[in-house]
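Architecture and fold: a report
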Amino acid sequence: MENAPLQRKTGLTGLVFEPVKRRFFLRMAGVSVITSTVLLSACNKDDDMAPVADGAVDLGKDDTGILNYAYALEQLEAAFYTQVVKTPYASIPAAELQLLTDIRDHEIAHREFLKAALAGAAIPALEVDFSAINFTDRASVLGAAKTFEDLGVSAYNGAGKFIVNKDYLLLAGKIVSVEARHAAAIRDLLSPKTADFAPDALIDSNGLEKVNDFNTVLTAAQPYIKTVISGMNLPTK
Amino acid sequence: MNLFDIFGKLEKVDPELGERVSFNRRKMFGQLTSLAAAAVPVATATLLKKSYAGPKDAITDVLNYALTLEYLENKFYATALASTVIPAADKAVFTQIGKHEQQHVAFLKGALAANAAAEPTFDFTAKGTFKDVFTNYQTFLALSQAFEDTGVRAYKGQAGALMGDDALLTYALQIHAVEARHASVVRRLRGQKGWITNNDGGGTPAAIYAGEDNVSQGGVDITTLELMAGTKISKNAATEAFDEPLSMEQVLPVAKLFIV
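This write-up is about the structure you can find in this document. These numbers come from a predicted model, not from an experiment.

1. Concerning the overall build of chain A
Broken down by element type, chain A carries seven helices and two strands. Secondary structure of chain A in N-to-C order comes out as α-α-β-α-α-α-α-α-β. The burial tally for chain A puts 54% of its 237 residues in the buried class. Put simply, of all contacts in chain A between residues at least 6 apart along the chain, 76% involve residues at least 24 apart.

2. Quick look at helix H6 (residues 91–112) of chain B
End to end, H6 of chain B covers 31 Å across 22 residues, agreeing with the expected 32 Å (1.5 Å per residue, within 8%). Alanine 113 of chain B, located one to two residues past H6 of chain B, shows a positive phi value of around 50°.

3. Digging into the pattern of salt bridges
The final tally for this structure, using the stated rule, is 18 salt bridges over all chains. The shortest N-O distance in the salt bridge between glutamate 112 of chain A and arginine 111 of chain A comes to 2.9 Å. With a shortest N-O distance of 2.7 Å, glutamate 244 of chain B and lysine 174 of chain A are connected by a salt bridge. Placement of the pair is glutamate 244 of chain B in the loop between helix H9 (235–240) and helix H10 (248–256) and lysine 174 of chain A in helix H6 (residues 166–190), with the two residues belonging to separate chains. The buried category is assigned to glutamate 244 of chain B, whose relative accessible area is 5%. Taken together, the shared-partner salt bridges connect Asp150, Arg187, Asp196 and Glu209 of chain A together with Arg181 of chain B into one network.

4. Regarding unusual backbone geometry
Residues and elements named next belong to chain B. Unlike most non-glycine residues, alanine 113 shows phi in positive territory, near 50°. Here alanine 113 is to be found in the loop between H6 and helix H7 (137–158). Positive phi, close to 50°, is recorded for alanine 126, a residue that is not glycine. Looking at the element boundaries, alanine 126 is found in the loop between H6 and H7. Relative accessible area serves as the criterion here: at 1%, alanine 126 is assigned to the buried category.

5. Some thoughts on the environment of leucine 142 of chain A
Residues and elements named next belong to chain A. Within the secondary structure layout, leucine 142 lies in helix H5 (residues 138–159). Along the backbone, leucine 142 and isoleucine 186 are 44 residues apart, and their C-alpha atoms lie at a distance of 6.6 Å. Leaving out residues up to four positions away in the same chain, leucine 142 has contacts with Tyr89, Glu96, Leu100, Ile186, Leu189 and Leu190.

6. So, the interface of chain A and chain B
On the chain B side, the residues contacting the 60 residues of chain A number 58 residues. A combined buried area of about 4,800 Å² lies between chain A and chain B, and 64% of that area is made up of carbon and sulfur atoms. Between aspartate 200 of chain A and lysine 99 of chain B there is a salt bridge, and its shortest N-O distance comes to 2.8 Å. For the pair chain A and chain B, the number of links is 27 residue pairs in polar contact (both at pLDDT 80 or more). Those elements giving two or more residues to the side of chain A that touches chain B turn out to be helix H4 (94–118), H5 and H6 of chain A. For the side of chain A that touches chain B, the leading source of residues is H6 of chain A, giving 19 residues. Residues of the side of chain A that touches chain B, tallied by class, amount to 30 nonpolar, 13 polar and 17 charged.

About the cut-offs
Residues numbered from 1 in each chain as written. Chains lettered and ligands numbered in written order. Predicted model: local features only at pLDDT ≥ 70, side-chain atom pairs only at ≥ 80, totals over all residues. Heavy atoms only, no water. Helix = DSSP H or I, 4+ residues; strand = E, 2+ residues; numbered from the N terminus. Buried < 20%, exposed > 50% of the residue type's maximum accessible area, 1.4 Å probe, protein only. Contact = heavy atoms within 4.5 Å. Expected span 1.5 Å × (residues − 1). Salt bridge = Lys/Arg side-chain N within 4 Å of Asp/Glu carboxyl O. Buried area = accessible area lost by both parts, 1.4 Å probe. Polar contact = N/O pair within 3.5 Å; in protein donor to acceptor, adjacent residues only side chain to side chain. Nonpolar A, V, L, I, M, F, W, Y, C, P; charged D, E, K, R; others polar.

Right under this line is the structure:
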């Protein structure tokens, strides 16, 4: 298996992608050990992808599609906080600017990590549309931040069960709890010392946080992204 | 299978565990350095795995492990809310956190049904180390942060073990995110950032933050990536941006400090 051909060998992709491809093929083949390169190459074809609308960016399928889904959301968040820090609202307290700068750095770290991991399979840079956000107004900025963070958490949690590669599931887990930390901190800025950091509207009576499926998340995110995104090849169960 | 069986196995493999834990108990706050890393040898992990028959047992163990951590948190907040340690201004936050922990206990007990582990007896002073936990708000906050960050890391460490069961995996992820929200808001009440910088636990037991200073993700060193043209992502940001998991073998000795 160590010599199995890689679909993409450039950059970091080889390292990151070989395991998922292999596991996917093994699953498809229904066996635990396989050494046939013929089968591996056959499975590497992308000819079973559904066509997407003209001009739309297709996230792709399988774990690659899910990583691109995460990459799209992280692009959105990183672009948002970059703008927030570049043009902070009037008389922003130093501690608040620091908090938002921290979050910007985390989101850029997520974005750049996913881009590196996806390498040749990464979707292009997305064009964002923040025309609905007033960057000079604290309530508008923090309100948008809250929306993006809550959405991000629900997206990762909804995607978890579709992830095939255990390493990717762990990586998603490492990111999602940081998004939840962001969400609570932003909510704490908006309504300090209340139950709003984890409100009943988001946490059900079993103490479980809201989960959203691919379609719900993409529909909610699309108004902030000029580039049309298609998740039609993302996994289903 | 319950948690005490797990403890029993740990002690059988590592008879000095109890001793080491007791010794550490006598140490002051913040000096429990590398407890989890040092106390449990790799062999223990292997033996634990061998002693369980099948995947169903393994899932029951994971759920009972989660339940025990939730029992601990639930009892901790219930006790604090019944005392006067929490200032009135911060009660709303801890009432909400306490409610969630209670819901998690009920939910996991429901899922485990007859297989649910019994609630242990807790000693939140850890045999006197944290004597003022329910009279000194700062001590209470520090332990709260410690429990919440441990919870986040512990659930994360079990995600892979639940991959075979979509519903359970999703439930675990849903609880995991709620614990992370708790951790963030408690850290802020302590005057800390909502996220973990390097392996700095802000005076809480260091074992809880072991490995949080990792900057390598999926073979990528995050500090080599660009923040913007000409600037790399800082080590602080690289460690804050990714929460690290803890294994059961790392968490249990910490939990055991608080179990009679």
